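# Architecture at a glance
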Amino acid sequence: MAALPVPLLALVLLLLAGYGGPGAAGQRRKEMVLSEKVNQLMEWASKRSVIRMNGDKFRRLVKAPPRNYSVIVMFTALQPHRQCVVCKQADEEYQILANSWRYSSAFTNKIFFAMVDFDEGSDVFQMLNMNSAPTFINFPAKGKPKRGDTYELQVRGFAAEQLARWVADRTDVHIRVIRPPNYAGPLMLGLLLAVIGGLVYLRGSNLDFLYNKTGWAFAALCFVLAMTSGQMWNHIRGPPYAHKNPHTGQVNYIHGSSQAQFVAETHIVLLFNGGVTLGMVLLHEAATSDMDVGKRKIMCIAGIGLVVLFFSWLLSVFRSKYHGYPYRYVRL
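Because the structure is a prediction, the values reported are computed rather than measured.

Another aspect to go through is helix α7 (residues 160-171). Helical periodicity: at 3.6 residues per turn, an α-helix aligns residues three or four positions apart in one direction. Across its twelve residues, α7 extends 16 Å between first and last C-alpha, which sits within 8% of the 16 Å expected from 1.5 Å per residue. Among the residues trailing α7, aspartate 172 stands out with phi positive, at a value near 65°.

Structural data, given as structure tokens:
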């Protein structure tokens, strides 16, 4: 085989050194594609903290390699005709989380927040075999999502703080949630103080109402009923109000697990506890009051009826959450 002329040989060696052969060319193409994807996501994220995606954008920017960034995707159904109240509530918390990251000094292109609405990307729902919303999934920078990359909404709720903890577990990105200022609490406190101050001013020196045992007992009872029904758990976890089955349309107000609850469930339990308490108060009054015997009998019967009825409903709720619980008061 004839030897290549020296200038031509030098040119070939220079080309091989500059381009590194086919493997290097493929690597450069991947780097160019990755750079374009990151730049595109950064441009969208600069305009909107949560990037809205359809099927094409999802397949190109989330599913298709190469990717050196994680994408948190909320699959939801926000259109009014879907009537997904939980989706709207979860979207508000998700926006708070994404905004906290977008306007953080630690913001980088390591993680992005996106959303796929069913009416804009139903093909994505079909591709992932997804039949419920809202659902949060982390698509990691490398590999496919694992079991832990799907957020346990029914257990942990959709509060932005809970989502931030899950994001930190899956991506090592720690987000400090910053909520918009809420003046409802200070306004209510100011109104309460104004009412108390007005009562003190109007009553003048007559402050006997401050020593009213019935008033203080009623206030304490309301506080106890609120706490025992799970209001503090709702405040910490931020669970959905209820759950609507996307297939049957049935709305569940009682969570089927003993490790979680809905907001509606706390209201129901509060009502049942209040009914039992009212029945016990009537029984006490029937036994200690100075009314005639006929009225005391009526109060006694009403008290027993309230205790039996509402305590039976409490047991039925307990049985629905602790499956296999053998006891019931009245068969319901």
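With that settled, the discussion passes to the pairing of strand β2 (residues 70-76). Looking along a regular strand, one sees the side chains alternate between the two faces of the sheet. Most of β2 is tucked away, with seven of its seven residues classed as buried. Burial of the side chains of β2 extends over both faces: Ser70, Ile72, Met74 and Thr76 are buried on one face and Val71, Val73 and Phe75 on the other. Here β2 pairs with strand β3 (residues 111-117) via seven bridges, running parallel. If you follow valine 71 over to β3, its bridge partner there is phenylalanine 112. Handedness of the β2-helix α4 (residues 85-102)-β3 crossover: right-handed. Where β2 meets strand β4 (residues 135-139), five bridges bridge the pair, whose relative direction is antiparallel. Of the residues in β4, the one forming a bridge with phenylalanine 75 is threonine 135.

This part is about the packing of α4 against α7. Relative orientation of the contacting elements α4 and α7 amounts to 55°, with a least axis distance of 9 Å. Looking at the two axes, α4 sits oblique to α7. Between α4 and α7 lies a crossing of right-handed hand. On α7, the residues touching Glu93, Tyr94, Ile96 and Leu97 of α4 are Ala160, Leu163, Ala164 and Val167. Partitioning the contact of α4 with α7 into residue classes produces seven nonpolar, no polar and one charged.

The subject of this paragraph is the UniProt feature "transmembrane region" (unreviewed entry) in the protein. Under the local residue numbering, the UniProt record ascribes the feature "transmembrane region" (unreviewed entry) to residues 183-202, 214-233, 268-286 and 298-318. A helix fraction of 100% and a strand fraction of 0% characterise residues 268-286, whose end C-alpha atoms lie 27 Å from each other. Counting secondary structure, residues 298-318 comes out at 100% helix and 0% strand; the distance between its end C-alpha atoms is 30 Å.

Our focus in this paragraph is the environment of arginine 165. Looking at where arginine 165 falls in the secondary structure, it is placed in helix α7. Between the C-alpha atom of arginine 165 and that of arginine 176, which follows or precedes it by eleven residues, the distance is 9.6 Å.

Considering all chains together, one arrives at eight salt bridges under this definition. In this structure, arginine 59 and aspartate 123 form a salt bridge, with 3.1 Å as the shortest nitrogen-oxygen distance. Taken as a pair, arginine 59 in helix α3 (residues 55-63) and aspartate 123 in helix α5 (residues 122-127) lie far apart in primary sequence, 64 residues in all. Looking at arginine 59, the relative accessible area reads 32%, which means it is partly exposed. On the basis of relative accessibility, which here comes to 29%, the residue aspartate 123 falls in the partly exposed class. In this structure, the salt-bridge partner of aspartate 149 is arginine 170, at a minimum N-O distance of 3.0 Å. Of this pair, aspartate 149 sits in the loop between β4 and α6 (153-156) while arginine 170 sits in helix α7; the two residues are 21 residues apart in sequence, bridging distant segments of the chain. The exposure class assigned to arginine 170 is partly exposed, which follows from its relative accessible area of 34%.

Quick look at α4 now. Look at α4: 26 Å from first C-alpha to last across 18 residues, which is about the 26 Å you get at 1.5 Å a residue. Turning to α4, its buried residues number three or more, namely Val86, Cys87, Ala90, Asp91, Glu93, Tyr94, Ile96, Leu97, Ala98, Ser100, Trp101 and Arg102.

One pass over the structure, following the stated rule, counts one disulfide. The disulfide that involves cysteine 84 links it to cysteine 87, with 2.1 Å between the sulfurs. Between cysteine 84 and cysteine 87 the sulfur-sulfur dihedral comes to about 70°; the bridge is accordingly right-handed. Residue class for cysteine 84 comes out buried when judged on its relative accessible area of 16%.

The residue after proline 65, namely proline 66, is reached through a cis peptide bond having omega -5°. With respect to the helices and strands, proline 66 occurs in the loop between α3 and β2. The phi angle at aspartate 172 is positive, at roughly 65°, despite the residue not being glycine. Topologically, aspartate 172 is positioned in the loop between α7 and α8 (184-203).

What counts, and at which threshold
Residues numbered from 1 in each chain as written. Predicted model: local features only at pLDDT ≥ 70, side-chain atom pairs only at ≥ 80, totals over all residues. Heavy atoms only, no water. Helix = DSSP H or I, 4+ residues; strand = E, 2+ residues; numbered from the N terminus. Expected span 1.5 Å × (residues − 1). Buried < 20%, exposed > 50% of the residue type's maximum accessible area, 1.4 Å probe, protein only. Pairing = 2+ DSSP bridges. Right-handed = clockwise from strand over helix to strand, strands pointing away. Axes fitted to C-alpha atoms, helices over the stretch in contact; angles between N-to-C directions. Parallel < 35°, antiparallel > 145°, perpendicular 65-115°, else oblique. Left-handed = near helix turned anticlockwise from the far one by under 90°. Contact = heavy atoms within 4.5 Å. Nonpolar A, V, L, I, M, F, W, Y, C, P; charged D, E, K, R; others polar. UniProt positions renumbered as here; feature names shortened; annotations may be inferred. Salt bridge = Lys/Arg side-chain N within 4 Å of Asp/Glu carboxyl O. Disulfide = S-S within 2.5 Å.

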